[in-house]
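Now for the letters of each chain:
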Amino acid sequence: METKIFLNLAVKDLNKSIAFFTQLGFSFNSKFTNEQGTCLVIGKNINAMLLTKEFYQTFTNKQICNTATTNEVIISISVEGRDKVDEMMDKVIKAGGSEYMKTQDYDWMYNRTFLDLDGHQWEVFYMNESKIPEMK
């Protein structure tokens, strides 16, 4: 499995964001699209999740940044297995980072979140794509 990067971006109006990026020539992965968000395909292994502000907020305990004055993203990196997620977190703690949110285990996805030394939020996850539930 190759490493994939998913950038998460809060948007005010999902439909307007979809229209904008469509006009720029980008496509979307319909498997990860509903009224709360969509997956903007940037490259073979690079995607941006465009999420409504309300849905974006469920992934963080921090206040959503005011993009007029601050630039912030949640950087998500996939790894090859649940054990690799835990190995990464061990390295984070040893290097001085901190675990940020509790481990999330959805059977089909295992996720742990940390803050780097500058407080940037990162997610490391393993996803079994054959078990992804259908979005409603």
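Look up a bit, the structure's there.
A brief structural summary. Everything numeric here is computed off the predicted structure, so don't read it as measured data. (Residues numbered from 1 in each chain as written. Predicted model: local features only at pLDDT ≥ 70, side-chain atom pairs only at ≥ 80, totals over all residues. Heavy atoms only, no water.)

### Some points on the sheet that holds strand β1 (residues 5-11)
Put simply, the rule reads: When DSSP finds two or more bridges between two strands, those strands count as paired. We count a stretch as a helix when DSSP gives it H or I for four or more residues in a row; a strand needs E for two or more, and each element gets its number in order from the N terminus. Between N-to-C directions, angles cover 0 to 180 degrees, with each direction set by a line fitted to C-alpha atoms, over the stretch in contact for helices. Should any heavy atoms of two residues lie within 4.5 Å, those residues are considered in contact.
With mixed pairing, the eight strands of this open sheet are ordered in space as β2-β3-β4-β1-β5-β8-β7-β6. Edge positions in the sheet fall to β2 (27-34) and β6 (98-105), since each has one partner strand and no second. This sheet shows a mean twist of 25 degrees between the axes of neighbouring strands, independent of strand direction. Where β1 meets strand β5 (residues 74-78), four bridges bridge the pair, whose relative direction is antiparallel. Bridge assignment links N8 to a residue of β5, and that residue is I74. Helix α3 (residues 82-94) contacts β6, β7 (109-115) and β8 (121-127) of the sheet and is inclined by roughly 10 degrees relative to β7.

### Here's the deal with the pairing of β6
Across five bridges, the pairing between β6 and β7 is antiparallel. Looking at the pairing, S98 lines up with L115 of β7.

### Some thoughts on the nonpolar core
The condition that has to hold: Among buried residues, the Ala, Val, Leu, Ile, Met, Phe, Trp, Tyr and Cys ones that are joined through side-chain atoms within 4.5 Å form a nonpolar core. Throughout this description, buried means an accessible area under 20% of the type-specific maximum (1.4 Å probe, protein chains only), exposed means over 50%, and partly exposed covers the range between.
Residues M49 and M127 are the most contacted members of the largest nonpolar core, which totals 13 residues. Of all the secondary structure elements, the ones that give two or more residues to this core are β4 (46-52) and β8. In contact with M127, not counting residues within four places along its chain, are W108, M109 and I132. Grouped together as the second largest cluster of nonpolar side chains are seven residues, V85, V92, F114 and V124 included.

### As for the side chain of S78
Put simply, the rule reads: For this analysis, a polar contact is any N or O atom pair within 3.5 Å, provided that within protein one partner can donate a hydrogen and the other can accept it, and provided that sequence-adjacent residues contribute only side-chain to side-chain pairs.
Mapped onto the elements, S78 comes out in strand β5. Polar contacts involving the side chain of S78 include one to the main-chain amide nitrogen of K4, which spans 2.9 Å. Excluding its chain neighbours within four sequence positions, the residues that come into contact with S78 are M1, E2, T3, K4 and F125.

### Some remarks on the packing of aromatic side chains
This is how the line gets drawn: The rule is short: rings of Phe, Tyr and Trp, with Trp giving its six-membered ring, pair when the centres are within 6.5 Å, and they are stacked under 30 degrees, edge-to-face over 60, tilted in between. The criterion for a charge sitting over a ring is simple: Lys NZ or Arg CZ within 6 Å of the ring centre, and within 35 degrees of the ring normal.
According to the stated counting rule, one finds four aromatic pairs in the structure shown. Look at F6 and F125: their rings are 6.0 Å apart centre to centre, the planes differ by 55 degrees, and that puts the pair in the tilted class. Taken together, the positions of F6 in strand β1 and F125 in strand β8 put the pair 119 residues apart, joining distant regions of the chain. Both residues of the pair, F6 and F125, count as buried. Their ring planes at 35 degrees and their centres at 6.4 Å tell us that Y106 and W108 sit as a pair that is tilted. Residue placement shows K62 over the ring face of Y100; its charged tip is 5.9 Å from the ring centre. Geometry around Y110 places R82 over its ring, the cationic atom sitting 4.1 Å from the centre.

### Some words on the pattern of salt bridges
Close approach of charged atoms allows side chains with opposite charge to pair. Basically, it comes down to this: The rule for a salt bridge is simple: a side-chain nitrogen of Lys or Arg has to be within 4 Å of a carboxyl oxygen of Asp or Glu.
Under the definition given, this model contains seven salt bridges. Between E129 and K4 there is a salt bridge, with the nearest N and O atoms lying 3.2 Å from each other. With E129 in the segment after β8 and K4 in the segment before β1, the pair connects residues that are 125 residues apart, well separated along the chain. In this structure E129 comes out as partly exposed when scored by relative accessible area, which is 39%. According to the relative accessible area criterion, K4 is partly exposed, its value standing at 24%. The partner of R112 in a salt bridge is D86, with the nearest N and O atoms 2.8 Å apart. Of this pair, R112 sits in strand β7 while D86 is found in helix α3, placing the two residues 26 residues apart along the sequence. The buried category is assigned to R112, whose relative accessible area is 13%.

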